[in-house]
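This is what each chain is made of:
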Amino acid sequence: MSEPVFGRPLSQVLGAATAALEAAKVPSPRVDAELLAAHVLGISRGRLASMVMMGECFTAGDAEAYALLVSRRATRIPLQHLTGLAHFRYLDLAVGPGVFVPRPETEAVVQLAIDFASGLQHPVLVDLGTGSGAIAGSLAHELDGARVHAVELSDDAFGYAARNLEPLGVHLVKGDLSDAFAELDGTCDVVVSNPPYIPANAVPREPEARDHDPAMALYGGGEDGMVLPRAAEASAARLLRPGGFFVMEHAEVQAEAMAAMFAVSGNWEKIETHLDLTGRDRATSGVRR
């Protein structure tokens, strides 16, 4: 934003910020402009809307901070890196450089796990490759009496996960999803994983993901991106009791390969592909034989 924002009504400032973000091809310019303003002011978007209606203005300090954030967002730095928060289901998660920013499509994957576990007493659940802790935290928050375990290998991501999961009582360990929680083998009710799965040559188009999400959280290994998903499937088979439930997120183009992997392993029945809210193949699940 090149125009001064101090002394101008918030409605004009938000309009200018929206135009700047739209010119930078930010996917949701108005929403981002409002969220950045609310962040600077330390208020909700609802309260911001009230201030806009009342014709209020930024203070000089807030105006300077807001202009800086908008200019940084226009370079396609993720909104969540600027605010330090990612909203996921019912949680506000601490995020920043070095950790994968959770996506809305993963919320539906969590719902599949919750639907299965909700009929169980004191279910035991594992999140393989927790990242920020979005999946494990949501399971712990939404399932009364659940015992939730999570593993993360990245040093940077582990720090965010620890901050997000400690208040929720999740048992978090630092390690590899391929051999985590050997002490739980054959005893778990649900395993969920959103592992790195992007094929080596499928570089994300959006600058927010391509330039700012850590490669360790994106690329699944091998040309097909299936190395880590295969490891997650093997760990899930090891951890689950007979009749336990496994669901894993993946790319749309991997749905057929995932279903085949589940089938060939011989570990699963009731194999099913699940769509996200945009109608894309987003996850595969199975019940442990």
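Here goes a summary of the coordinates provided. (Residues numbered from 1 in each chain as written. Predicted model: local features only at pLDDT ≥ 70, side-chain atom pairs only at ≥ 80, totals over all residues. Heavy atoms only, no water.)

### Notes on the packing of helix α2 (residues 29–41) against helix α3 (residues 45–53)
The following threshold applies: Helix axes use the C-alpha atoms of the stretch in contact, all axes being lines fitted to C-alpha atoms, and the angles between their N-to-C directions lie in the range 0 to 180 degrees. Helical segments are the DSSP runs of H or I of at least four residues, strand segments are the runs of E of at least two, and each set is numbered from the N terminus. These descriptions rest on fixed angle ranges, namely under 35 degrees for roughly parallel, over 145 for roughly antiparallel, 65 to 115 for roughly perpendicular, and the rest for oblique. In this analysis, two residues are considered to be in contact whenever any of their non-hydrogen atoms come within 4.5 Å of each other. Three classes are used, and their members are as follows: Ala, Val, Leu, Ile, Met, Phe, Trp, Tyr, Cys and Pro are nonpolar, Asp, Glu, Lys and Arg are charged, and the others, Gly among them, are polar.
Put simply, α2 and α3 touch, their axes get as near as 9 Å, and they point 95° apart. Between α2 and α3, the angle falls in the class roughly perpendicular. Counting all contacts with α2, which are made through V31, E34, L35, A37, A38 and L41, the residues of α3 involved are R45, L48 and M51. In the contact of α2 with α3, the residues fall into 7 nonpolar, no polar and 2 charged.

### Section: the pairing of strand β6 (residues 188–193)
Stated precisely, the cut-off is as follows: Burial classification: accessible surface area is computed with a 1.4 Å probe over protein chains only, and a residue below 20% of its type maximum counts as buried, one above 50% as exposed, and the rest as partly exposed. The pairing criterion for strands is at least two bridges between them, as found by DSSP.
Most of β6 sits out of view: 6 of its 6 residues are buried. With 4 bridges joining them, strand β3 (residues 124–128) and β6 adopt parallel strand pairing. The partner of D127 across the bridge, within β6, is V192. Bridge count for β6 against strand β7 (residues 240–249) is 5 bridges, and the pairing is parallel. By the bridge assignment for β7, V191 is matched with F246.

### Considerations on helix α6 (residues 105–117)
Under the convention used in this document: In this description, the arc belongs to the directions extending from the helix axis to the C-beta atoms.
Residues of α6 that are buried include every one of T106, V109, V110, A113, I114 and A117, and no others. What you see down the axis of α6 is that its buried residues fit within an arc of 140°, all on one side. Where α6 is buried, its residues contact β1 (85–88), β3, α7 (134–142), β6, β7 and β9 (281–288).

### Structural notes on the environment of V191
Residue placement: V191 occurs in strand β6. Overall, V191 belongs to the buried group, its relative accessible area being 0%. Beyond its immediate sequence surroundings of up to four residues, V191 is in contact with V126, L128, A236, L239, L240, F245, F246 and V247.

### Considering unusual backbone geometry
Of all residues except glycine, most have a negative phi; of all peptide bonds, most are trans. Phi at R89 takes a positive value of approximately 50°, unusual for a residue other than glycine. Phi at H122 is positive, roughly 50°, even though this residue is not glycine. Tracing the chain through its elements places H122 in the loop between α6 and β3. Judged by its relative accessible area of 52%, H122 falls in the exposed class.

### Here's the deal with the side chain of E249
Put simply, the test is: A positive count includes Lys and Arg, and a negative count includes Asp and Glu. His and the chain ends are not counted in either. Any Lys or Arg side-chain nitrogen located within 4 Å of an Asp or Glu carboxyl oxygen qualifies as a salt bridge. For the purposes of these results, a polar contact is taken to be a pair of N or O atoms within 3.5 Å, where, inside protein, one atom must be able to donate a hydrogen and its partner to accept one; residues adjacent in sequence count only when each atom of the pair is a side-chain atom.
Position of E249 relative to the elements: it lies in strand β7. Of the side chains with opposite charge, R282 lies nearest to the buried E249, which makes no salt bridge, at 4.6 Å. Reaching out from E249, the side chain makes a polar contact with the side chain of T106 at a distance of 2.7 Å.

### As for the packing of aromatic side chains
Formally: Pairing of aromatic rings covers Phe, Tyr and the six-membered ring of Trp, with a centre-to-centre limit of 6.5 Å; geometry is then stacked below 30 degrees between planes, edge-to-face above 60, and tilted otherwise.
What the rule picks out here adds up to 5 aromatic pairs. Note on F58 and Y66: the rings are 5.0 Å apart at their centroids and 35° apart in plane angle, and the pair reads as tilted. Each of the two residues, F58 as well as Y66, counts as buried. The rings of F246, F262 and W268 are connected pair by pair, giving a single aromatic cluster.

### Some remarks on the sheet that holds strand β8 (residues 268–275)
An order of β5-β4-β3-β6-β7-β9-β8 is seen for the 7 strands of this open sheet, with the pairing classed as mixed. Either end of the sheet is taken by a strand with one partner, and the two such strands are β5 (171–174) and β8. With strand direction ignored, the average angle separating the axes of adjacent strands in the sheet is 15°. Across 5 bridges, β3 lies against strand β4 (residues 147–152) in parallel orientation. Its bridge partner being in β4, D127 is matched across the sheet by A150.

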